[in-house]
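Examination of the molecular architecture
Below, each chain spelled out in residue letters.
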Amino acid sequence: MEKFTTLSAVAAALPEDNIDTDKIIPARFLKTTQRTGLGKYAFDSMRYRPDGSENPDFILNKAPWRNAEILVTYDNLGCGSSREHAPWALLDFGIRCVIAPSFADIFFNNCFKNGILPIKLPREVCDQLMSDSTMGSNARLTIDLPRQVVIRPDGEEVPFEIDPFRKHMLLEGLDDIGQTLQHETEIKTFEHKVAGERPWMPTITLD
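Residues numbered from 1 in each chain as written. Predicted model: local features only at pLDDT ≥ 70, side-chain atom pairs only at ≥ 80, totals over all residues. Heavy atoms only, no water.

Named according to an unreviewed UniProt entry, the protein is 3-isopropylmalate dehydratase small subunit originating from Acetobacter malorum DSM 14337. Quoted verbatim from the Catalytic activity (unreviewed entry) field of UniProt, the annotation for the protein is "(2R,3S)-3-isopropylmalate = (2S)-2-isopropylmalate". (UniProt positions renumbered as here; feature names shortened; annotations may be inferred.)

Shown next as structure tokens:
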């Protein structure tokens, strides 16, 4: 998983409540178990017209927000089904950080597991960031994870809270498997110890 330290990028505003996972990635695209290739389907019903052409009014189809890496929205982002394909699609599109007043719990957790930083900020602050985003490429937000601040284009710093363990995982670029493999030596030592005590047991290898 790619490390997350500091991100300076264009932010796109989606001023809606209850953007569910079906809007983020419709169910018909859930046949794959691959984490890549889903970005082109992100927000499919909003990005494309029924004939398959781009909706020119949708923010992520406009320059410079077509290359946005930060998404600012309203309450209850990621509600609906628990599909992990939702953060997969966002990440494959290029989104590394999502900011909202609140998130659905499973979506919130899945973001961390896939290298996306979800930040909870009050609605009035999200309104300010959305206003900043209308300045286009001149309105880059900076997310400083080590210092836990969002830096607005005018230099104002907005602090945010994050669980220390989740912060560590993002800073080190570790998913659940990567975290486990940090203890590979101890695991192999334990395996050899158990194999010596119980030679009839198969040895599991992490190689």
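What follows continues from the structure just given.
**Considering the state of the cysteines**
All told, the structure shown has zero disulfides when counted by the stated rule. Of all cysteine sulfurs, the one in cysteine 111 lies closest to cysteine 97, which takes part in no disulfide; the gap is 9.4 Å. Taking relative accessible area as the criterion, cysteine 97 reaches 0% and is therefore assigned buried. (Disulfide = S-S within 2.5 Å. Buried < 20%, exposed > 50% of the residue type's maximum accessible area, 1.4 Å probe, protein only.)

**Points about the pairing of strand S2 (residues 70-73)**
Covered by surrounding structure in S2 are Ile70 and Val72 together with Leu71 and Thr73, the residues of both alternating faces. Both strand S1 (residues 6-14) and S2 contribute to a ladder of four bridges, which runs parallel. What sits directly across from leucine 14, in S2, is threonine 73. As for the winding sense of the linkage, the β-α-β connection from S2 through helix H3 (residues 85-93) to strand S3 (residues 97-100) is right-handed. (Helix = DSSP H or I, 4+ residues; strand = E, 2+ residues; numbered from the N terminus. Pairing = 2+ DSSP bridges. Right-handed = clockwise from strand over helix to strand, strands pointing away.)

**Observations regarding the environment of cysteine 126**
Mapping cysteine 126 onto the fold places it in helix H5 (residues 123-133). Residues cysteine 126 and tyrosine 74 lie 52 residues apart in sequence; the distance between their C-alpha atoms is 7.4 Å. Once you skip the residues sitting within four places of it in the chain, cysteine 126 turns out to touch Val72, Thr73, Ile99, Ala100, Pro101 and Leu121. (Contact = heavy atoms within 4.5 Å.)

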